[in-house]
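Residue-level listing of the chains:
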Amino acid sequence: MAASSIPLEALEKSMVLAPVPAEHWLVIAPPVWCMLVGAILIMVRKRMGLQSWLSIPALGGLVLIDAALLAVVIREGPITMVMGRWLPPFGIAFTVDLTGALFNLACGIAALAGGIAALGDIDRTRRTYGFFPFLFLMVGGVSGAFLTGDIFNLYVWFEVLLISSFGLLILGSEREQLDGATKYAILNLIGTTLFLIAVGILYAVFGTLNMADIAAKAPTLGHDAPMMTLSLVFIAAFMMKAAAFPVNFWLPASYHTPRIVVAGLFAGLLTKVGVYALIRVMVMMFPEEGNAYSIVIGVVAVLTMLTGSLGAIAQSDIRRMLGYMVITGIGIILSGVALGAQTAISGALFYSLHSMIVMLALYLMAGIAGRMGGSFSLHELSGLYAKSPLFAALTLALFFSVSGLPPFSGFWPKAMLVKAAFDFGAWWQGAAILVSGLLTTIAATRAFALGWWRMPASGAVVPARMTAAELIPLAGLTLLSVGVGIYPEPLLALAQTAASGLLEPVAYLHSVFPSGVPTP
Amino acid sequence: MEGFMAVVVGIFFTVAIYLMLSQYIIRILLGVAILGNAVNMLLFVAGRVTREAPPIIGKGADMLPATAANPLPQALILTAIVISFSFFAFLLVLAYRAYQTLKTDDTHQMRLAEPEDAPPPPLGY
């Protein structure tokens, strides 16, 4: 080591000298793996065959890494790794707790399913323009956001995933895509800039960017610090990313324009990053301000749910209907954040994981429906049940899951949230969840009645089959939703532990500062 | 010094928001560019403005003098400048491409993805 001239005692005060245990390298493995594979894929972009042969095993490897990380976190609690071995809060820390690890695994599964579906959905031209590299860079950005323990680093991951999502969104450069992408790009850039403004004010107040350090110092600040203003900027920024009520119009304007796999991945992953960041900041770092704003977040949640489900009813394009259903889901998660108790937060986490899987599956379903039926419009779509009963069965399961009917994965978190809402006297939020569930059921079952049950006017139906690249991801995700719905206990227990870890971040703080939080 | 800079940052934000409220993409983009600069200056002021000494540890010393400028905001701004520059470049190309294809930069007329006359879904079979 080059540090030979510096005495060991001085080094001990500034650096982590103990060797990093092998399994702790898993903390940074997901983003590093994605960046590495993405870079290799850019190098071999001219060789089409190699792209898919490399991508799908690499995505499988990502799921394994994510699962191993989750297993380590379940066994050991939150783990921290600091870049450059500098002691926190000076080195940039990656801290993974149960929440981050769960979101990360769901993101990996969604990426794998999306990658397989892309083999059928993304044509040769779009692959030449770099679909798979963009996919890996975006997934790397998303998992980096879930795993980092530094607020400025979180902003950098937001930008990484945003610029790759721009690339995915405009692949093909169709007229509608350019229109949707312009709105998506400008509004998301403004949202991320708001986040950066909040980070700047936060640094001015705290003088640190490490999340654990901030969480420990927040209660000691006193009343002089502009904490309420700061929190409001954070809330506004993350709600813009998550597409909550007054700032949600970019989502239905753009999500139906790219290829269906891209739309599905956006719907599953990107809005959830906003939700995750909101939970991390308002529940773990600033719980006091989060409680003070609970009415505001609750009202926004109710309005988001209702605009989402009413919007879904008013659409005749099934892709746009799904876009509004994403918004409904965001409202339901926000309602859990607003209620703030352990049961509500665990319901919100559970619903986020369910939504990541089911929204991707629904978009993949819409893509298959569009191919089989020749249109995405409910005016023309018909006879899909007669064409492929298996596809109709999977569709119905997904429609019930997104509406929150048992025995699918959407039921349990909604039941938890409704119960929490009535327990804490916020009956209006519980009622809104139930009403939005009813409206979503109406929208989904009407789409099923028109597109699947209705026979075409000509009366003739040609049977259609799903290709392997369509069937495997759709069936896999649907089975996951059914499995979680029938046997929810393991995930439920994990979500509850994760929620306790967010509300009482003792273990999180201990993982970053094993010998206590440093005092200035 | 911080007070004066805060006012300047406020003026930048005002101009940026005014431009971004426009209905023409080119003005919105100018607003986005100014917004990026406003945030960079905000980060700079957030680290407190000190001009006495550059943040360099002298020979024989093992920590910064107390009067040194704060190096961290400068690192943050450097990152933010690179990011906002690349995003702005992308947005310019995207806006130009959209203008070529859609023949307009008026957001009121950019309704291709969301047609105004989209029919409601059918009420029955």
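For the structure, see preceding data.
An account of the accompanying structure is given in this report. Every value quoted in this text rests on a predicted model; they were computed, and no experiment measured them.

Considerations on the pairing of strand β1 (residues 79-82) of chain A
All names here are of chain A.
Turning to step 1, where the next piece is worked out: Where burial is concerned, the two faces of β1 agree: the one with I79 and M81 and the one with T80 and V82 are both buried.
Turning to step 2, where the next piece is worked out: Where β1 meets strand β2 (residues 93-96), four bridges bridge the pair, whose relative direction is antiparallel. Paired with I79 across the two strands is V96, which belongs to β2.

Remarks on unusual backbone geometry
Turning to step 1, where the next piece is worked out: Look at the link from P88 of chain A to P89 of chain A: it is a cis peptide, with omega at 5°.
Turning to step 2, where the next piece is worked out: Residue placement: P89 of chain A occurs in the loop between β1 and β2.
Turning to step 3, where the next piece is worked out: Backbone torsion omega between P406 of chain A and P407 of chain A reads 0°, so that peptide bond is classified as cis.
Turning to step 4, where the next piece is worked out: In this model, K103 of chain B sits at a positive phi of 60°, which is unusual for a non-glycine residue.

A short note on the environment of T307 of chain A
All names here are of chain A.
Turning to step 1, where the next piece is worked out: Secondary-structure assignment places T307 in helix α14 (residues 294-314).
Turning to step 2, where the next piece is worked out: Judged by local crowding, T307 falls into the buried class, with 21 C-beta atoms found within 10 Å.
Turning to step 3, where the next piece is worked out: Linking T307 and T328, residues 21 residues apart in sequence, is a C-alpha distance of 7.5 Å.
Turning to step 4, where the next piece is worked out: What T307 contacts, discounting residues up to four positions off in sequence, is F245, N248 and I327.

Things to note about the packing of helix α8 (residues 175-206) of chain A against helix α2 (residues 25-46) of chain B
Turning to step 1, where the next piece is worked out: Interhelical geometry of α8 of chain A versus α2 of chain B gives an angle of 15° and a closest axis separation of 9 Å. Viewed along their axes, α8 of chain A and α2 of chain B adopt a mutual orientation that is roughly parallel. When you trace α8 of chain A past α2 of chain B, the crossing you get is left-handed. Listed contacts from α2 of chain B to T182, I186, L189, I190, T193, L196, I197, G200, I201, Y203 and A204 of chain A of α8 of chain A are I25, I28, V32, L35, G36, V39, L42, L43 and A46 of chain B.
Turning to step 2, where the next piece is worked out: Of the residues in the contact of α8 of chain A with α2 of chain B, the class split is 16 nonpolar, four polar and no charged.

Digging into the interface of chain B and chain A
Turning to step 1, where the next piece is worked out: Counting from both sides, the interface comprises 34 residues of chain B and, opposite them, 35 residues of chain A.
Turning to step 2, where the next piece is worked out: The set of elements that each furnish at least two residues to the side of chain B that touches chain A consists of α2 and α3 (71-102) of chain B.
Turning to step 3, where the next piece is worked out: Examining the composition of the side of chain B that touches chain A, we find that 13 residues originate from one element, α3 of chain B, more than from any other.
Turning to step 4, where the next piece is worked out: Considering only residue class, the side of chain B that touches chain A consists of 28 nonpolar, four polar and two charged.

What about helix α3 (residues 48-76) of chain A?
All names here are of chain A.
Turning to step 1, where the next piece is worked out: For α3, spanning 29 residues, the distance from its first C-alpha to its last is 42 Å, which sits close to the expected 42 Å at 1.5 Å a residue.
Turning to step 2, where the next piece is worked out: Where α3 is concerned, the buried positions are Q51, S55, A58, L59, L62, I65, D66, L69, L70 and V73.
Turning to step 3, where the next piece is worked out: Residues of α3 that are buried make contact with α2 (29-43), β1, β2, α4 (98-121), α5 (124-128) and α6 (131-147).
Turning to step 4, where the next piece is worked out: Positive phi appears at G77, one or two residues downstream of α3, with a value of about 85°.

Each value, and the rule that gives it
- Residues numbered from 1 in each chain as written.
- Chains lettered and ligands numbered in written order.
- Predicted model: local features only at pLDDT ≥ 70, side-chain atom pairs only at ≥ 80, totals over all residues.
- Buried ≥ 20, exposed ≤ 12 C-beta atoms within 10 Å, placed from the backbone.
- Helix = DSSP H or I, 4+ residues; strand = E, 2+ residues; numbered from the N terminus.
- Pairing = 2+ DSSP bridges.
- Contact = placed C-beta atoms within 7 Å.
- Axes fitted to C-alpha atoms, helices over the stretch in contact; angles between N-to-C directions.
- Parallel < 35°, antiparallel > 145°, perpendicular 65-115°, else oblique.
- Left-handed = near helix turned anticlockwise from the far one by under 90°.
- Nonpolar A, V, L, I, M, F, W, Y, C, P; charged D, E, K, R; others polar.
- Expected span 1.5 Å × (residues − 1).

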